[in-house]
Amino acid sequence: MNRLARYIGRQVIAGAMMALLVLVALDAVFEFIDESDELGNQGYTIWMALAYVMLQVPYRAYET
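(A) Region of interest: a nonpolar patch on the surface. Among the surface-exposed residues, Met1, Leu4, Tyr7, Ile8 and Val12 lie close enough to one another that they form a single nonpolar patch of about 580 Å² accessible area. Residue placement: Tyr7 occurs in helix H1 (residues 2-35).

(B) Here's a closer look at the environment of Ala5. Assignment of secondary structure puts Ala5 in helix H1. Residue Ala5 is classed as partly exposed on the basis of its relative accessible area of 47%. On a C-alpha basis, the gap between Ala5 and Ala61 in space is 27 Å, while along the polypeptide they are 56 residues apart.

Procedures and definitions
- Residues numbered from 1 in each chain as written.
- Predicted model: local features only at pLDDT ≥ 70, side-chain atom pairs only at ≥ 80, totals over all residues.
- Heavy atoms only, no water.
- Patch = residues over 30% accessible without salt bridge, like charges linked within 9 Å, V, L, I, M, F, W, Y side chains within 5 Å.
- Areas by Shrake-Rupley, 256 points an atom, 1.4 Å probe, with all protein chains shown as cover.
- Salt bridge = Lys/Arg side-chain N within 4 Å of Asp/Glu carboxyl O.
- Helix = DSSP H or I, 4+ residues; strand = E, 2+ residues; numbered from the N terminus.
- Buried < 20%, exposed > 50% of the residue type's maximum accessible area, 1.4 Å probe, protein only.

Quick look at the structure:
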């Protein structure tokens, strides 16, 4: 029964991690779309927006 419990535990954790990955990725895409409205204002470039969104990913993962 120990092998079965480890298998089920591993599958549950893997499923939860995949769901978290999908949610955080979707949140990052939507945040990037929101940031794209500010592109061009005072030298705000696409790379700055992308860096801002990527730096927010750990916080968003924790928040989710």
